[in-house]
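# Observations on chain architecture
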Amino acid sequence: MSIQSTYREIRKAVPADVDILLACKTRTPDEVLAAIDAGARDLGHNYVQEAESMAAALGERSGAVRWHMIGPLQKNKINKALRLFDVIQTVHSFKQAQEIQKRAEAIGKHLKVYIEVNIAEESAKSGVPPEQEILEKLAREISGLRNLRLEGLMTMGPFYEDPEAIRPYFRKTRQIFDHIRSLKVPGLDLTVLSMGMSDSYRVAIEEGSTMIRLGTIVFGPRRA
Ligand SMILES: *Cc1c(COP(=O)(O)O)cnc(C)c1O
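Report on the accompanying structure. (Residues numbered from 1 in each chain as written. Predicted model: local features only at pLDDT ≥ 70, side-chain atom pairs only at ≥ 80, totals over all residues. Heavy atoms only, no water.)

### Let's talk about the nonpolar core
By size, the foremost hydrophobic cluster in this structure holds 67 residues, and its most contacted members are L22, L43, W67, I100, I115 and I142. Residues within four places of L22 in sequence aside, it is in contact with Y7, A35, A40, D42, L43, G44, L214, V218 and F219. (Core = buried A, V, L, I, M, F, W, Y, C linked by side-chain atoms within 4.5 Å. Buried < 20%, exposed > 50% of the residue type's maximum accessible area, 1.4 Å probe, protein only. Contact = heavy atoms within 4.5 Å.)

Given below as structure tokens:
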């Protein structure tokens, strides 16, 4: 099946209130354009450089989509990232959020951020440990930053062949999300729960995901 019809099939099968973000790593501009033609509106990139090349190749059509940073953001890349991204999904500390705030303020930019939760506490993955007090504190702190709007939580989750094995981690992330929402922090409107990939998106949706991040299932196997 073509990228267009695959995207449309998945879009039809997924509940309308769940957003589909396309993870674009290793994909060509033509492949990404095919998905945009089929209705894709959210693009995710793992590296600033990759997103820059993609934006240049898409030209004016890059304005038709929202740009999400879904990989770790290094301090020395923040300025470049701010020029490009609408959303940074991988904020992991107040210090980092302050760095983003400082630079965003300098150029008069407002952007959305999500906190990345390292839900299985894997040493190889970034993100905040899944402890309610830590996340609650961070959410309150970020809510006070004027150019940032904290809008969601994001998690990768551990990798298992069997997506059922990931379910408890998705469930736990949803519980943390609901808890923070229940605090009714002034100025904080947490609405997005970004979790679930090609192998696990069905389970993630059952556990309350509002945004799935798909690569392989739409574009085919990744090129090295
Ligand atoms: C690559 C990637 C995805 C999508 O992975 P697939 O298994 O190809 O669907 C989702 N989220 C992040 C952060 C990624 O890097």
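### Some points on the site of the ligand
Taken together, A23, K25, N46, I70, M156, M197, S198, R213, L214, G215, T216 and R222 make up the full set of residues near the ligand. In the environment of the ligand, a nitrogen atom lies 2.9 Å from a nitrogen or oxygen atom belonging to the side chain of R213. One of the side-chain N or O atoms of T216 is found 2.5 Å from an oxygen atom in the ligand. Protein chains shield 93% of the accessible area of the ligand, which is 390 Å² for the free molecule. Each residue belonging to the shell around the ligand can be placed in one class, and the counts come to 5 nonpolar, 4 polar and 3 charged. (Near = heavy atom within 4 Å. Polar contact = N/O pair within 3.5 Å; in protein donor to acceptor, adjacent residues only side chain to side chain. Areas by Shrake-Rupley, 256 points an atom, 1.4 Å probe, with all protein chains shown as cover. Nonpolar A, V, L, I, M, F, W, Y, C, P; charged D, E, K, R; others polar.)

### Observations concerning the packing of helix 2 (residues 29–37) against helix 3 (residues 48–58)
Between helix 2 and helix 3, whose axes approach to 10 Å, the crossing angle comes to 65 degrees. Between helix 2 and helix 3, the angle is such that the two are roughly perpendicular. For the pair helix 2 and helix 3, the sense of crossing is right-handed. Of the residues in helix 3, those touching helix 2 at P29, V32, L33 and I36 are M54, A57 and L58. A breakdown of the residues in the contact of helix 2 with helix 3 according to their chemical character gives 7 nonpolar, no polar and no charged. (Axes fitted to C-alpha atoms, helices over the stretch in contact; angles between N-to-C directions. Helix = DSSP H or I, 4+ residues; strand = E, 2+ residues; numbered from the N terminus. Parallel < 35°, antiparallel > 145°, perpendicular 65-115°, else oblique. Left-handed = near helix turned anticlockwise from the far one by under 90°.)

### With respect to helix 1 (residues 3–13)
Buried within helix 1 we find I3, T6, Y7 and I10. Axial view of helix 1: buried residues confined to an arc of 100 degrees, hence all on one face. In this structure, the buried residues of helix 1 make contact with strand 1 (19–23), helix 2, helix 8 (201–206), strand 8 (211–214) and helix 9 (216–219). (Arc of directions from axis to C-beta.)

### Comments concerning the pattern of salt bridges
Applying the stated criterion to the full structure yields 16 salt bridges. Of the charged contacts in the structure, one is a salt bridge between K12 and E9, with a shortest N-O distance of 3.7 Å. Taken together, the residues span about one helical turn, with K12 and E9 both in helix 1 at a distance of 3 residues. The exposed category is assigned to K12, whose relative accessible area is 67%. The exposure class of E9 is partly exposed, given its relative accessible area of 42%. D37 is the partner of R61 in a salt bridge, and the nearest nitrogen-oxygen pair spans 2.8 Å. Taken together, the residues R61 in the loop between helix 3 and strand 3 (66–69) and D37 in helix 2 connect sequence positions 24 residues apart. (Salt bridge = Lys/Arg side-chain N within 4 Å of Asp/Glu carboxyl O.)

### Concerning unusual backbone geometry
Non-glycine residue T26 carries a positive phi angle of around 70 degrees. Considering the arrangement of structural elements, one finds T26 in the loop between strand 1 and helix 2. Residue E121 is not a glycine yet carries a positive backbone phi of 50 degrees. Tracing the sequence through the fold places E121 in the loop between strand 5 (111–117) and helix 6 (132–143).

As far as function goes, none of this settles anything; it's purely spatial.
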